[in-house]
Amino acid sequence: MSTLLNCKNDDILDMFPRIKNLGASSFGEDADLFGDTLAEAIEDAPQGRRLPFKLQTINELKTLLACNDAEIDHATLILISISPTADVEEPPNWGRFPSLRAFWSAVLHVFENAPKVQAGREIDPIT
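Report follows, based on the coordinates. (Residues numbered from 1 in each chain as written. Predicted model: local features only at pLDDT ≥ 70, side-chain atom pairs only at ≥ 80, totals over all residues. Heavy atoms only, no water.)

## Things to note about a negative patch on the surface
Taken together, Glu29, Asp30, Asp32, Asp36, Glu40 and Glu43 make up a surface patch of like negative charges. Relative to the helices and strands, Glu43 resides in helix H3 (residues 38-44). (Patch = residues over 30% accessible without salt bridge, like charges linked within 9 Å, V, L, I, M, F, W, Y side chains within 5 Å. Areas by Shrake-Rupley, 256 points an atom, 1.4 Å probe, with all protein chains shown as cover. Salt bridge = Lys/Arg side-chain N within 4 Å of Asp/Glu carboxyl O. Lys, Arg positive; Asp, Glu negative; His and termini not counted. Charge placed at Lys NZ, Arg CZ, Asp CG, Glu CD. Helix = DSSP H or I, 4+ residues; strand = E, 2+ residues; numbered from the N terminus.)

This is the structure in structure tokens:
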């Protein structure tokens, strides 16, 4: 993969469509709707998603985490509407991560440990 720092915004969005989807929901401008804290928003991210989405998200997160910190920072600004490293006033004590790498690692951990991912089967077999 070419360095993400040299990629156009649309190229990054195309490389990480599942993470982009999280940026439109769990980690979007209204992320607090998915939890009272940032940790709760992360825990909520896999909920209601089908197994293929979860597996694709895991692959995208591993690809993103293989990048250097500058690339992760750059891609995050494009992919999600929140800053997981910023002190957020509303809601109070929403939480923050020391780095974007730590944030995405926590998201990866939640997706990898989702019960249906662990079981390796669909949540809803009806397509």
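Additional details are given in the paragraphs that follow.
## Looking at the packing of helix H5 (residues 69-79) against helix H6 (residues 100-112)
For the pair H5 and H6, the least separation of the axes is 9 Å and the interaxial angle reads 70°. It follows that H5 is roughly perpendicular to H6 by the angle criterion. From H5, Asp69, Ile72, Asp73 and Thr76 reach across to H6, where they touch Leu100, Arg101 and Trp104. Tallied by class, the residues present in the contact of H5 with H6 amount to three nonpolar, one polar and three charged. (Axes fitted to C-alpha atoms, helices over the stretch in contact; angles between N-to-C directions. Parallel < 35°, antiparallel > 145°, perpendicular 65-115°, else oblique. Contact = heavy atoms within 4.5 Å. Nonpolar A, V, L, I, M, F, W, Y, C, P; charged D, E, K, R; others polar.)

## Notes on the side chain of Ser26
Structurally, Ser26 is set in the loop between helix H2 (17-23) and H3. Assessed through its relative accessible area of 1%, Ser26 is described here as buried. In this structure Ser26 touches Ala31, Phe34, Ala41, Ala45 and Arg49, once residues within four positions along its chain are discounted. (Buried < 20%, exposed > 50% of the residue type's maximum accessible area, 1.4 Å probe, protein only.)

## Thoughts on the pattern of salt bridges
Taken as a whole and assessed by the stated rule, the structure comprises three salt bridges. Its salt-bridge partner being Glu112, residue Lys62 comes within 3.6 Å of it at the nearest N-O pair. Of the two residues, Lys62 sits in helix H4 (residues 51-65) while Glu112 sits in helix H6, which places them 50 residues apart along the sequence. Among the residues examined, Lys62 registers a relative accessible area of 45% and is labelled partly exposed. Given a relative accessible area of 27%, Glu112 falls into the partly exposed group.

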